[in-house]
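Remarks on the overall topology
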Amino acid sequence: MNREKLLNAAVILLLLAIPLWAHMAEEPFLITLATKVAILALAGVGLNIALGIGGLVSLGHAAFFGIGGYAMGILAAHAQNYEPMAEWPMLIEGTNQMPVIWLVAVVASALAALVIGALSLRTSGVYFIMITLAFGQMLYYFAISWTAYGGEDGLSIWVRNEFPGLNTLVPLEFFLICYVILCAALWFAARLARAPFGLALSAARQCEARVETVGITPYQLRLTAFVISGAITGLAGALFADLNRFVSPTMLSWHTSGEIMIFVIIGGVGRLFGPVIGAALFILLEHLLGGISDYWQIYLGGLLLIIVLYARGGVIGAISGREVAHD
């Protein structure tokens, strides 16, 4: 087993061990921090499919993150207020059941990614970056003006949504839900990277002309990857909103897109566990330095600068010193 696989195993076990210890030590705040790491890492896994495998530098993934959050907020708000979402042409009611909310969040985010990707992927390079950013900001300002669901003030949910057989108000149980979903997403990303689709997508990133010569359309590959990426990021958004019991337009802001990309870059672009390590370091710095200074992002910027200049493979690349591995 190479160093990267050992590091991946250590990271995923440590992410589980810390909340278990915190539960026994009656430290619920640490469980909440670990839950936040798992959710943000899930968003990073989504972006890493588009960025790490497909080479698509998107600054609009906050759009999918926010859509997932608003899917949760809207469904839960209507359920707790006993108000139907629509009565014509058919009755559509809200729900507080997590599996249903996740399904709606994934479908809504995937549809948004399909529309945004279909238009954005007709360009490349900096134009693609700017178009995805523009779509994200359009949705951000739409959410601000959407007064029916809180507008700029956001939307609060009184009680966390329900999952069959579990008490989601217990921090450890909600963490375990997020942890299992993260592990499933990592498993899916690993299988995808080694599948014919993932290999073709990686080939299109390296040399588009060669892929076209064998009859494969790079546009279709990238659009499919973009939709999958958006769907996973949307699921993370629904979980994040449930964690905070609050959703606001800031989830759609380009700052959020930048943070998700930072997770991937710090851990290692294209590295399977890169988003997990990146999210963990981000939350750790925020927790340790946030109480010292309101400008703790200065230190984050310094870390990012060092990684970009001296560790192009991120933290995982610096430790393992190997080529990108997706298992």
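As a reminder, the structure under discussion sits directly above these lines.
Here the structure is a predicted model, which is why all the values come from computation and not from measurement.

**Describing the overall build of the chain**
Looking only at helices and strands, one finds 13 helices and 2 strands in the chain. Its C-alpha atoms give the chain a radius of gyration of 19 Å, near enough to 20 Å, the size a compact globule of 327 residues would have. Projecting the C-alpha coordinates of the chain onto the three principal axes gives extents of approximately 55 × 50 × 40 Å. For the chain, buried positions account for 50% of its 327 residues. In the chain, the share of contacts with a sequence separation of at least 24, taken over all contacts with a separation of at least 6, comes to 78%. Averaging the locations of the 14 positively and 18 negatively charged side chains of the chain gives two centres separated by 18 Å.

**Points about the packing of aromatic side chains**
The final tally for this structure, using the stated rule, is 11 aromatic pairs. Arranged with centres 5.1 Å apart and planes meeting at 75 degrees, the rings of F263 and F282 form a pair that is edge-to-face. Note that F263 is positioned in helix α10 (residues 254–267) and F282 in helix α11 (residues 274–290), a separation of 19 residues in sequence. For the pair F263 and F282, one class covers both residues: buried. Put simply, the rings of Y70, F142, W146 and Y149 pair up and form one aromatic cluster. For R160, the ring lying beneath its charged end belongs to F174, and the centroid distance is 4.4 Å.

**Considerations on the packing of α10 against α11**
Remark: α10 packs on α11, axes separated minimally by 7 Å, with the N-to-C direction vectors making an angle of 110 degrees. Of the possible angle classes, the one that applies to α10 and α11 is roughly perpendicular. Judged by the twist between their axes, the crossing of α10 over α11 is right-handed. Touching E259, F263, V264, I266 and G267 of α10 are G274, P275, I277, G278, A279, L281 and F282, all from α11.

**Topic: a nonpolar patch on the surface**
Nonpolar side chains collect at one region of the surface, where L103, V107, L111 and L114 lie side by side and expose about 360 Å² of accessible area between them. Topologically, L111 is positioned in helix α4 (residues 98–120).

**Here we look at helix α3 (residues 62–80)**
Along its 19 residues, α3 runs 26 Å from first to last C-alpha, staying within 8% of the 27 Å computed at 1.5 Å per residue. Most of α3 is tucked away, with 18 of its 19 residues classed as buried. Count one or two residues on from α3 and you reach Y82, which has phi positive near 55 degrees.

**Some words on the environment of L239**
Relative to the helices and strands, L239 is located in helix α9 (residues 218–244). Here L239 falls in the buried class, since its relative accessible area comes to 0%. Sequence-wise, L239 and F263 are 24 residues apart; in three dimensions their C-alpha atoms are separated by 17 Å. Once residues within four sequence positions are removed from consideration, L239 is found in contact with I39, L42, W102, F174, C178 and I181.

Calculation criteria
- Throughout, residues of each chain are indexed from 1 in the direction in which the sequence is written.
- Owing to the predicted nature of the model, reporting of local features is limited to residues with pLDDT of at least 70; listing and counting of side-chain atom pairs is limited to 80 or more, with chain, interface and lining totals taken over all residues.
- For the side-chain quantities, the full set of heavy atoms in the structure was used; hydrogens and water were omitted.
- Each helix corresponds to a stretch of at least 4 residues labelled H or I by DSSP, and each strand to a stretch of at least 2 residues labelled E; elements are numbered beginning at the N terminus.
- Based on C-alpha atoms, the radius of gyration is set beside the globule rule, defined as 2.2 Å times the residue count to the power 0.38.
- Remark: exposure states derive from per-residue accessible area (1.4 Å probe, protein chains only) relative to the maximum for the residue type, with buried under 20%, exposed over 50%, and partly exposed in between.
- Throughout, a residue-residue contact means that at least one pair of heavy atoms, one from each residue, lies within 4.5 Å.
- As used throughout, the charge tally considers Lys and Arg to be positive and Asp and Glu to be negative, leaving His and the chain termini uncounted.
- To locate a charge, take NZ of a lysine, CZ of an arginine, CG of an aspartate or CD of a glutamate.
- Here is the rule: rings of Phe, Tyr and Trp (six-membered ring for Trp) pair when centre to centre is within 6.5 Å. Planes less than 30 degrees apart are stacked, more than 60 are edge-to-face, and the remainder are tilted.
- Two thresholds decide whether a charge sits over a ring: the Lys NZ or Arg CZ must be within 6 Å of the ring centre and within 35 degrees of the ring normal.
- Only C-alpha atoms enter the line fits that serve as axes; for helices the fit covers just the stretch in contact. Angles between N-to-C directions range over 0 to 180 degrees.
- Working rule for angles: under 35 degrees goes down as roughly parallel, over 145 as roughly antiparallel, 65 to 115 as roughly perpendicular, anything else as oblique.
- For a crossing to be left-handed, the near helix must be turned anticlockwise from the far one by less than a right angle; the clockwise case is right-handed.
- Only residues whose relative accessible area exceeds 30% and that take part in no salt bridge are eligible for patches, with like-charged residues grouped when within 9 Å of each other and nonpolar side chains (Val, Leu, Ile, Met, Phe, Trp, Tyr) grouped when within 5 Å.
- Areas reported here follow the Shrake-Rupley algorithm with a probe of radius 1.4 Å; residue values treat only the protein chains shown as occluding.
- The working definition used for a salt bridge is a side-chain nitrogen of Lys or Arg within 4 Å of a carboxyl oxygen of Asp or Glu.
- Helix span, expected: 1.5 Å multiplied by one less than the number of residues in the helix.

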